[in-house]
Amino acid sequence: MATRNTLPQIEAPLPARLRPGLELLRWYFAPEYLHLERADARRPTLFVGNHSLYGVLDVLLFADGLYRERGIVLRSLADRNHFKVPLWRSFVAQTGAVHGTRANCAALMRRGEHILVFPGGAREVFKHRGEAYQLIWKERFGFVQLAIEHGYTITPYATAGAEEAFDVLLDSTQYMDTPLGRYLKRSGIADRHLRGGEEFPPLVRGLGLTVLPRPEKLYYLVGRPLDMKRYRGQEDDPAVLRRARNRVHRSLTQLIADVRAHRAGAGGQGGLRGMLNRL
């Protein structure tokens, strides 16, 4: 398990390491950032967001915006499966992400780093049909417990547009009813590697008949930091943890509604972008 001494440091910020790719992503998705001033480089915080379907590119652009406009270097807590795939795990590490364990999160907090977590994890990435913009947190409380213990604020932020970049054609529930899915369950592969089938990637359609994401304009709305001081010394009380988590959940749910309303009224889908998104 990673420790304070072994957790990798970032040698250069994200934009410096991935500049060409980020420039392409900015051109393709035309991100718009709302209230980034609520993030303070001098006060480390735990960012908590809504994970979009196949949410990777939108996360990179959020980290890019924070660095370019606020000087914040973001460390993401990533799902274990990212580090099981050769080449891909190297790319994920280059973004500054670490395996999302409690030990790694605590080590980053001891260093005073800005951290990003998605409590919905892989289940929220591999959404079912009709689950766009839903928070699927289950019974996860570790992120609020660590924030309380280490005196961190929690800053919720919401993303809109990424969910519209794909259509779900076949989700994990439907997969599990196919001959392949039944084999995976029978053989135990689903339980050992796919959390019972929940982490089976959905079949999606993006631009035209391809799996490339549509060039939907992305919107990011940063909320006000939520101070966890009122819960100090109570990080082992389940009732306190539930209250704190529900507070974050309510704030993020409202931010999602607000940024979706902003997107609906922005009218930024005209011209070539609008034509491509209708394919």
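Residues numbered from 1 in each chain as written. Predicted model: local features only at pLDDT ≥ 70, side-chain atom pairs only at ≥ 80, totals over all residues. Heavy atoms only, no water.

K.L.:
Would you take a moment to explain the overall build of the protein chain for this structure?
P.N.:
Helix and strand content of the protein chain: 12 helices and nine strands. Relative to a compact globule of 279 residues, whose C-alpha radius of gyration would be 19 Å, the protein chain shows 19 Å and is just as compact. For the protein chain, the C-alpha atoms occupy an extent of roughly 50 × 50 × 35 Å along the three principal directions. Put simply, 81% of the contacts in the protein chain that link residues at least 6 apart link residues at least 24 apart. Measuring between centres, the 42 positive side-chain charges of the protein chain sit 1 Å from its 28 negative side-chain charges. (Helix = DSSP H or I, 4+ residues; strand = E, 2+ residues; numbered from the N terminus. Rg over C-alpha atoms; globule rule 2.2 N^0.38 Å. Contact = heavy atoms within 4.5 Å. Lys, Arg positive; Asp, Glu negative; His and termini not counted. Charge placed at Lys NZ, Arg CZ, Asp CG, Glu CD.)

K.L.:
Mind showing me how you'd approach the side chain of Glu113 here?
P.N.:
With respect to the helices and strands, the residue Glu113 is situated in the loop between α5 (102-111) and β5 (114-117). Looking at Glu113, the relative accessible area reads 14%, which means it is buried. Those residues in contact with Glu113, other than ones at most four positions away along the chain, are Gln9, Pro44, Thr45, Arg75, Leu108 and Tyr152. (Buried < 20%, exposed > 50% of the residue type's maximum accessible area, 1.4 Å probe, protein only.)

K.L.:
So what exactly am I meant to see when it comes to the packing of aromatic side chains here?
P.N.:
Two measures describe an aromatic ring pair: the distance that separates the ring centres and the angle between the ring planes. Evaluation of the coordinates by the stated rule reveals 11 aromatic pairs. When the ring of Phe47 is compared with that of Phe62, the centres are 5.6 Å apart and the planes differ by 80°; the resulting orientation is edge-to-face. With Phe47 in strand β2 (residues 45-49) and Phe62 in helix α3 (residues 57-70), this pair connects stretches of sequence that are 15 residues apart. Here the two residues Phe47 and Phe62 agree in accessibility, since each one is buried. Taken together, the ring pairs in this structure connect Tyr33, Phe47, Phe62, Phe118, Tyr157 and Tyr220 into an aromatic cluster. Note that Lys217 overlies the ring of Tyr219, its terminal NZ or CZ placed 5.5 Å from the centroid. Just above the ring of Phe141 sits the side chain of Arg245; from NZ or CZ to the centre is 4.7 Å. (Phe/Tyr/Trp six-rings, centres within 6.5 Å; stacked < 30°, edge-to-face > 60°. Lys NZ or Arg CZ within 6 Å of the ring centre and 35° of its normal.)

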